[in-house]
Amino acid sequence: MHEVPGAWRRAARGAGLLTDEGVPVPTIFAEMSALAARTGALNLGQGFPDDDPPAPVLAAAHTAIASGRNQYPPGRGEPELLAAIADHQARWYGIRLDPDAEILVTAGATEALAAAVLALVDGPDDEIVVFEPYYDAYAALAALSGARLITVPLRWPAFQPDLDELRAAVTDRTRIILVNDPHNPTGAVFDPEVGAEIIRLAHRHDAIIVTDEVYEHLTFDRPHVPLAGRAGAFERTLTISSAGKTFSATGWKVGWISGPRELVGAVLAVKQWLTYVNAGPFQPAVAVGLRLPDEAYAAITGRLRAGRDAIGAGLRAAGFDVSTPSGSYFTVADAAPLGATDAAEFCRELADRAGVVAIPLTAFASDAHRRHYSTLVRFAACKRPEVLADASARLAAAF
């Protein structure tokens, strides 16, 4: 078949999924999940929980489906979800939003990111600054938009950015500073001075801040503080979150983006040509989740903290060096003490050797900086306690 032209090549190349011969390859998540299925290994690679959403959230979804709420929801989102998002931001962060103009419901956080990038980037002279390693969609979306991706490295073991490197990365060409906090894949929660510098640089260079906060309720050492709630930030910040990670409902794909009405309006102008709308009966269920009492949120965070501690102890016992995460689903470990030199090959062998699947951190890095993460491996702690205990025993026995 003849070569297929198109923007897909930019997206695949940006995400590191195009061979030198121009052939697309699967993501590392698809590869490792298939490896887990083929070998029967425990899948601590892809970041999805193995339990269900809280009972009231599930019940609300059942009720919505049974009562016929199965058609298109309104373009901006169901009114009760928009109101719940506004109340959530006020309740947790003191951020006051107009639910009719400053919030937009999306098909997960990834669609919100795609719509924001495609809406705000105006051509190949624009740049998007991200922290590296990064969620792989960032590179694909930057490439699809035509923007240049500029990275600020996060280094083992603390994974906090160097402020001088951040200052050097943000220039008058910067259109978007994309901030993932709590951070995937490292589990870092950025220090307050990092946020202050991001805001200062955004003003100095007239950049828009786009924040990916899907792990906002999964911080272990201190409460999450959104950039949009800090002085001088709201006017130029788009905040993205979703229900999937907090409520163990990653398959529902209910996300949202909020911010000043002019910025949200620009995102809507693009988003309406992507999915248009999504997840009709799940939107009222997510609204119920957002209104759960504080103790329900504390229980969610507590389960993830226990998972972090369990897999961290298991990895140390097996001989890994471990970076203790401050948030998210993930723990990063260094396999160098076990003789690893190539994280990807180590993960491919781990399924057979230990019956456990993980993700190499090199999958989240650019070619230029992949060497800095050459022996680092990401494990997902969002699994049932018995699964994490089994994984820890298997790793200890293998090494």
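Use the structure listed above.
Residues numbered from 1 in each chain as written. Predicted model: local features only at pLDDT ≥ 70, side-chain atom pairs only at ≥ 80, totals over all residues. Heavy atoms only, no water.

**Description of the sheet that holds strand β8 (residues 255-258)**
Hydrogen bonds along the backbone pair up the strands of a sheet, which may run parallel or antiparallel. The seven strands are arranged β2-β8-β7-β6-β5-β3-β4 in an open sheet whose pairing can be described as mixed. A single partner strand is all that each edge strand has here, and the edge strands are β2 (103-106) and β4 (148-153). Between one strand axis and the next, the sheet turns through 20° on average, direction left out of account. Strand direction decides the pairing type here: strand β5 (residues 174-180) and strand β6 (residues 208-212), joined by five bridges, are parallel. Residue valine 179 lies in a different strand from β6, and its bridge partner there is threonine 211. Taken strand by strand, helix α8 (residues 192-205) contacts β3 (127-132), β5 and β6, and its axis lies near 165° from that of β5. (Pairing = 2+ DSSP bridges. Helix = DSSP H or I, 4+ residues; strand = E, 2+ residues; numbered from the N terminus. Axes fitted to C-alpha atoms, helices over the stretch in contact; angles between N-to-C directions. Contact = heavy atoms within 4.5 Å.)

**Observations regarding the sheet that holds strand β9 (residues 321-323)**
Read across the open sheet, the four strands follow the order β9-β10-β13-β12; overall the sheet is antiparallel. The open sheet has two free edges, formed respectively by β9 and β12 (359-360), since each of these has just one partner strand. Relative to strand β13 (residues 376-380), β12 runs antiparallel, the two sharing two bridges. The residue of β13 that forms the bridge with proline 360 is valine 377.

**Quick notes on the pattern of salt bridges**
Pairing is possible between side chains that carry opposite charge, provided their charged atoms lie close to one another. Under the criterion given, the structure shown has 23 salt bridges. Between arginine 384 and aspartate 50 there is a salt bridge, with its nearest N and O atoms 3.4 Å apart. Of this pair, arginine 384 sits in the loop between β13 and α13 (385-398) while aspartate 50 sits in the loop between β1 (42-43) and α3 (55-66), and the two are 334 residues apart along the sequence. Among the residues examined, aspartate 50 registers a relative accessible area of 25% and is labelled partly exposed. Aspartate 87 is the salt-bridge partner of arginine 291, the closest N and O atoms lying 2.7 Å from each other. Taken together, the positions of arginine 291 in the loop between α10 (282-290) and α11 (294-318) and aspartate 87 in helix α4 (residues 79-93) put the pair 204 residues apart, joining distant regions of the chain. Counted as one network, the salt bridges with shared partners bring together Asp164, Arg167, Glu197 and Arg200. (Salt bridge = Lys/Arg side-chain N within 4 Å of Asp/Glu carboxyl O. Buried < 20%, exposed > 50% of the residue type's maximum accessible area, 1.4 Å probe, protein only.)

**Some remarks on the pairing of β2**
Within a regular strand, the side chains alternate between the two sheet faces. Burial of the side chains of β2 extends over both faces: Ile103 and Val105 are buried on one face and Leu104 and Thr106 on the other. As defined by bridge partners, β2 adjoins β8 across four bridges and the pair is classed as antiparallel. Directly across from leucine 104, in β8, lies its bridge partner isoleucine 257.

**Remarks on the packing of aromatic side chains**
Counting across every chain of the model gives 15 aromatic pairs. With centroids separated by 6.0 Å and ring planes inclined at 85°, the aromatic side chains of phenylalanine 320 and phenylalanine 346 adopt a geometry described as edge-to-face. Of the two residues, phenylalanine 320 is situated in the loop between α11 and β9 and phenylalanine 346 in helix α12 (residues 343-354); the sequence distance between them amounts to 26 residues. For the pair phenylalanine 320 and phenylalanine 346, a shared accessibility class is recorded, and that class is buried. Aromatic rings pair up to connect Phe320, Phe346, Phe379 and Phe399 into one cluster. Taking the ring centre of phenylalanine 330 as reference, the NZ or CZ of arginine 378 above it sits at 3.6 Å. (Phe/Tyr/Trp six-rings, centres within 6.5 Å; stacked < 30°, edge-to-face > 60°. Lys NZ or Arg CZ within 6 Å of the ring centre and 35° of its normal.)

**Re the layout of surface pockets**
Here the idea is plain: a probe the size of a water molecule rolls over the atoms and shows the empty space left. Taken as a whole, the largest pocket encloses approximately 740 Å³ of empty space. For the largest pocket, the lining is made up of 31 residues, of which Ala15, Gly16, Ala365, Asp367 and Arg370 are closest to its centre. Elements with a contribution of two residues or more to the lining of the largest pocket: α1 (8-14), α2 (28-39), α6 (136-145), β4 and α12. Along the lines of polarity and charge, the residues of the lining of the largest pocket split into 16 nonpolar, seven polar and eight charged. Within this model, the second largest pocket holds a volume of roughly 560 Å³. Looking at the second largest pocket, it is lined by 25 residues, and the ones nearest its centre are Gly47, Thr110, Tyr135, Lys245 and Lys253. Split by residue class, the lining of the second largest pocket holds eleven nonpolar, nine polar and five charged. (1 Å grid on protein atoms, 1.4 Å probe; cavity = no way out; pocket = protein on both sides within 12 Å on 5 of 7 lines; lining within 4 Å. Points joined across faces, edges and corners; volume = space filled by probe spheres on them. Nonpolar A, V, L, I, M, F, W, Y, C, P; charged D, E, K, R; others polar.)

**Focus on the side chain of threonine 186**
Summarising the element assignment, threonine 186 is placed in the loop between β5 and α8. Reaching out from threonine 186, the side chain makes a polar contact with the side chain of histidine 183 at a distance of 2.8 Å. Within the structure, threonine 186 has its side chain in polar contact with the backbone nitrogen of alanine 188 (distance 3.1 Å). In this structure, threonine 186 is in contact with Pro133, Phe159, Pro325 and Val332, ignoring residues within four places of it in sequence. (Polar contact = N/O pair within 3.5 Å; in protein donor to acceptor, adjacent residues only side chain to side chain.)

**Here we look at the pairing of β13**
When you tally the buried positions in β13, you get five out of five residues, the bulk of the element. Relative to β13, strand β10 (residues 330-334) is paired through five bridges, and the arrangement is antiparallel. Counted as the bridge partner of alanine 333 is valine 377 from β13.

**With respect to the packing of α3 against α10**
At a closest axis distance of 8 Å, the pairing of α3 and α10 adopts a crossing angle of 155°. For the element pair α3 / α10, the angle class is roughly antiparallel. Judged by the sense of rotation from one axis to the other, the crossing of α3 with α10 is right-handed. Where α3 abuts α10, its residues Pro56, Val57, Ala60, Ala61 and Ala64 lie against Phe282, Pro284, Ala285, Val288 and Gly289. (Parallel < 35°, antiparallel > 145°, perpendicular 65-115°, else oblique. Left-handed = near helix turned anticlockwise from the far one by under 90°.)

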